[in-house]
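The primary structure of each chain is shown beneath.
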Amino acid sequence: MDEIKIFSPATVANVACGFDVLGFCLDTVGDEMVVRKTATKGISITKIEGYDLPMETKRNVAGVAALALLEKVEVDFGFEIEIYKNIKPGSGVGSSSASASGVVFAMNELLGRPFNKTQLSFFAMKGEAVASGSEHADNIAPGIFGGFTLVKSTNPLEILELPTPHDMYATIVHPQIEIKTSEARAILPKEIVLQNAITQWANVGSLVHGLHISDYDLISSALKDVVVEPFRKQLIPYFDNAKKAALEAGALGVGISGSGPSIFSLNKGEETAHKVAEAFKNVYDQTGIEFNLYVSRINPNGIKIL
Ligand code: HSE
């Protein structure tokens with residue numbers, strides 16, 4: 001095989017209480033990429049459609065991730081990459097991560113799968129760092145593994161796959177403003193209050209347990225973020241209104257998707273997920289801010305070959 005086309009899905013990182021460690025995979029939105037072997041060695045980006053992103057390999061998240069993988073193999077050929085972006089950069093649903101993860105997944109297929117999913121996540125994390133200014137894998141892991149994931153450690157990289165309760169659906173509203181992850185990280189305090197830390201890790205543990213035993217009430221009570229949301233929500237107009245409306249419509253929990261501006265909810269059942277979408281719509285319809293809405297099941301597979 002000399003050429004492959006893949007779909008790299010959008011993802012939701014943090015999942016309220018799990019800043020930088022928890023994430024889940026969506027299945028209705030994502031980028032497409034074509035990766036092919038070339039006689040010329042090295043990595044080149046030959047086409048980017050959808051959004052204006054750097055073509056220069058070392059400045060592009062996919063380029064940097066591809067170079068990280070290439071460093072670990074001895075081959076007498078190179079790769080060229082075409083990126084068809086549907087996920088808007090700065091949207092909060094893992095745009096940079098989808099590019100970084102997609103390319104290393106595709107290269108691995110073309111090479112006969114020498115690397116496992118954790119190794120691929122490591123290469124992708126190098127690309128993600130170009131966009132966000134820090135190495136975190138909470139969008140990358142769910143994109144590569146599918147489902148819910150927990151990044152136990154980034155050094156060494158350790159990823160745990162978590163189960164998805166059968167009836168779980170996500171609703172996403174994406175107000176059309178851009179928030180750079182690097183800027184959303186820069187506003188966070190370097191230290192947190194002990195009582196907040198206690199609440200947060202109790203919630204992370206409870207959420208993980210709730211996912212394992214499909215306890216929707218426990219999941220609902222654990223989907224709270226007392227550490228990051230209080231600082232970041234000011235970047236997202238009408239966040240509190242949207243959250244209140246979604247909870248009233250029956251969402252299990254609501255939070256900022258990654259570094260925003262997208263807002264996610266987790267819901268029991270597809271019908272509730274659509275009611276929550278309607279609630280988000282009612283809020284943003286009155287604001288003059290354009291927005292997109294998505295309802296998605298949790299994608300169990302992650303990146304797929306087209
Ligand atoms: N955990 C990351 C953050 C996800 O919230 O900054 C966005 O890349």
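The structure this text deals with has already been given above.
Starting from 1, residues in each chain are numbered consecutively following that chain's sequence as written. Note on the predicted model: pLDDT of at least 70 is required for a residue's local features to be given, and 80 or more for side-chain atom pairs to be given and counted; whole-chain, interface and lining totals, by contrast, use all residues. As a rule here, side-chain values come from all non-hydrogen atoms in the structure, and water together with hydrogens is ignored.

So, on to the site of the ligand. Taken together, A13, N14, F19, D20, H136, D138, N139, T181, R185, R232, G258 and S259 make up the full set of residues near the ligand. With respect to the ligand, the side chain of H136 contributes an N or O atom lying 2.8 Å from an oxygen atom. Within the side chain of D138, a nitrogen or oxygen atom sits 2.6 Å from a nitrogen atom of the ligand. Alone, the ligand offers 260 Å² of accessible surface; in the complex the protein occludes 97% of this. Residue ranges assigned to each domain were obtained from an automatic or database domain assignment. Taken domain by domain, the shell around the ligand gets at least three of its residues from each of domain 1 (3-162) and domain 2 (168-297). Any residue with at least one heavy atom within 4 Å of a molecule or strand is counted as near it. Between N or O atoms, a polar contact is any pair within 3.5 Å; within protein, one atom must be a potential hydrogen donor and the other a potential acceptor, and residues adjacent in sequence are included only when both atoms are from side chains. To measure how exposed things are, a 1.4 Å probe is used in the Shrake-Rupley method; for residues, cover is taken only from the protein chains shown.

A pair of strands is considered paired only if DSSP assigns at least 2 bridges between the two. By the criteria applied, helices consist of DSSP H or I runs no shorter than four residues and strands consist of E runs no shorter than two, each listed in order from the N terminus. Where strand 8 (residues 253-256) and strand 9 (residues 263-268) come together, four bridges link them in antiparallel fashion. Among the inter-strand pairings, V254 is bridged to a residue of strand 9, identified as S265. Between the antiparallel neighbours strand 8 and strand 9 lie six residues, among them G258 with a positive phi of about 55 degrees.

A word on the sheet that holds strand 8. Neighbouring strands of a sheet are bound in pairs by backbone hydrogen bonds; such pairs are parallel or else antiparallel. Taken together, the four strands give an open sheet; going across it, the order is 8-9-7-10, and neighbouring strands pair in antiparallel fashion. Of all the strands in the sheet, the pair left with one neighbour each is strand 8 and strand 10 (291-297). Across this sheet, the average inter-strand angle for adjacent strands is 20 degrees, counted without regard to direction. As judged from the six bridges shared by strand 7 (residues 168-175) and strand 9, these two strands associate in the antiparallel manner. Inter-axis angles, ranging from 0 to 180 degrees, are taken between N-to-C directions of lines fitted to C-alpha atoms, where helices are fitted over the stretch in contact.

Any Lys or Arg side-chain nitrogen located within 4 Å of an Asp or Glu carboxyl oxygen qualifies as a salt bridge. Inspection of the entire model under this criterion finds 18 salt bridges. A salt bridge links R36 to E3, with the nearest nitrogen and oxygen atoms 2.9 Å apart. Placement of the pair is R36 in strand 2 (residues 22-38) and E3 in strand 1 (residues 3-13), with a sequence separation of 33 residues. Across the pair E229 and K243 runs a salt bridge whose closest N-O atoms are separated by 2.8 Å.

For the purposes of this analysis, a disulfide is any pair of cysteine sulfur atoms at a distance within 2.5 Å. Tallying each qualifying case throughout the model produces zero disulfides. C25 supplies the cysteine sulfur nearest to C17, a cysteine that is in no disulfide, at a spacing of 19 Å.

Now for the environment of S259. Mapped onto the fold, S259 is located in the loop between strand 8 and strand 9. On a C-alpha basis, the gap between S259 and V228 in space is 9.4 Å, while along the polypeptide they are 31 residues apart. Excluding its chain neighbours within four sequence positions, the residues that come into contact with S259 are I179, T181, A184 and R232. A distance of 2.9 Å separates a polar atom in the side chain of S259 from a polar atom in the side chain of T181. Here a residue-residue contact requires only that any non-hydrogen atoms of the pair lie within 4.5 Å.

Glancing now at the nonpolar core. We define the nonpolar core as a collection of buried residues of types Ala, Val, Leu, Ile, Met, Phe, Trp, Tyr and Cys that are connected through side-chain atoms lying within 4.5 Å of one another. Type-normalised accessible area, obtained with a 1.4 Å probe on protein chains alone, sets the label of each residue: buried when under 20%, exposed when over 50%, and partly exposed for intermediate values. Membership of the largest hydrophobic core comes to 39 residues, with the highest contact counts inside it found for V35, L69, F79, I81, V103, V104 and M107. Looking at this core element by element, the count peaks at seven residues for helix 2 (residues 95-110). Contacts of V35, omitting those with residues within four sequence positions, involve D2, E3, I4, F79, E80, I81, V103, A106, M107 and L110. Within the second largest apolar cluster, 30 residues are counted, among which are A10, L22, L162 and M168.

What follows concerns the side chain of S95. On the secondary structure map, S95 appears in helix 2. A polar atom in the side chain of S95 sits 2.9 Å from the backbone oxygen of I87.

Another aspect to go through is helix 2. By this rule the span expected of a helix is its residue count minus one, scaled by 1.5 Å. Taking 1.5 Å as the rise per residue, helix 2 with 16 residues should run 22 Å; its terminal C-alpha atoms sit 23 Å apart, in good agreement. Here helix 2 lies mainly inside the structure; 15 of its 16 residues are buried. A positive backbone phi angle near 85 degrees is found at G112, which sits one or two residues after helix 2.

The next subject is the side chain of D20. Note on placement: D20 falls in the loop between strand 1 and strand 2. A relative accessible area of 18% means that D20 is categorised as buried. Those residues in contact with D20 that lie beyond four places of it in its chain are N14, H136, D138, V151 and R185.

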